[in-house]
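Residue-level structure breakdown
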Amino acid sequence: MRNYMMEALAEAEKAYANGEVPIGAVVEKDGVIIGKGYNLTETLKDPTAHAEMIAIRQAAETLGGWRLLNCNLYVTCEPCAMCAGAIVWSRISKLYIGTMDPKAGACGSVFNIVQEQKLNHFVEIETGMMEKECSEIMKAFFKELRIKEPKRHDVKGV
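Residues numbered from 1 in each chain as written. Predicted model: local features only at pLDDT ≥ 70, side-chain atom pairs only at ≥ 80, totals over all residues. Heavy atoms only, no water.

The name an unreviewed UniProt entry gives the protein is tRNA-specific adenosine deaminase, with Clostridium aminobutyricum as the organism. Here is the UniProt Catalytic activity (unreviewed entry) comment for the protein, exactly as written: "adenosine(34) in tRNA + H2O + H(+) = inosine(34) in tRNA + NH4(+)". Regarding the protein, the relevant UniProt record gives this comment under Sequence similarities (unreviewed entry): "Belongs to the cytidine and deoxycytidylate deaminase family. ADAT2 subfamily." (UniProt positions renumbered as here; feature names shortened; annotations may be inferred.)

**Topic: the UniProt feature "domain: CMP/dCMP-type deaminase" (unreviewed entry) in the protein**
Residues annotated in UniProt with the feature "domain: CMP/dCMP-type deaminase" (unreviewed entry) correspond here to residues 1–109. End C-alpha to end C-alpha, residues 1–109 measures 23 Å, and it is 39% helix and 24% strand. (Helix = DSSP H or I, 4+ residues; strand = E, 2+ residues; numbered from the N terminus.)

**A look at the UniProt feature "binding site: Zn(2+)" (unreviewed entry) in the protein**
Per the UniProt record, the feature "binding site: Zn(2+)" (unreviewed entry) sits at H50, C80 and C83. The largest pairwise C-alpha distance within this set of annotated residues, which runs over 34 residues, is 9.2 Å, so the set is compact in three dimensions. Within the element layout of this structure, H50 appears in the loop between α2 (41–44) and α3 (51–63). When sequence neighbours within four positions are dropped, the list of residues in contact with H50 reads N39, T41, C80, M82 and C83. One polar contact links the side chain of H50 to the main-chain carbonyl oxygen of P47, over a distance of 3.3 Å. When you line up the elements, C80 lands in the loop between β3 (71–77) and α4 (81–89). Discounting residues that sit within four places of it in the chain, C80 has contacts with H50, A104 and A106. (Contact = heavy atoms within 4.5 Å. Polar contact = N/O pair within 3.5 Å; in protein donor to acceptor, adjacent residues only side chain to side chain.)

Structure (structure tokens):
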């Protein structure tokens, strides 16, 4: 399992190198990676181009269908509400999270969409896999961003 999170972290490093928030994701089924992705929201100017969404789309294409039954998702940072919804709807079986996101996480921090009993699918969660490494890349990115663009995130809603 750690190998898959290492692959997700490698994806996050690609995002970092491209000036994107360094989050990476990998979908695995039966020991084989069938989808992977990293954040491309800035590059593509697309608010849905999150690592998880890209990895889920690729996995669905690989399998030839949208139901990702018996698949596991490894992601370096806790998914947001949009990605958590996609995880539920795609029927991911288990979610492995590197570091939690206390500001926008929707898999246990702010919300827990993937384990909401009112929805039609329940996702198992394991947190803290390679937490230090996953947290450090995020901290380094935002520290660097504050130095490069100190006013970029000062205005709410921007």
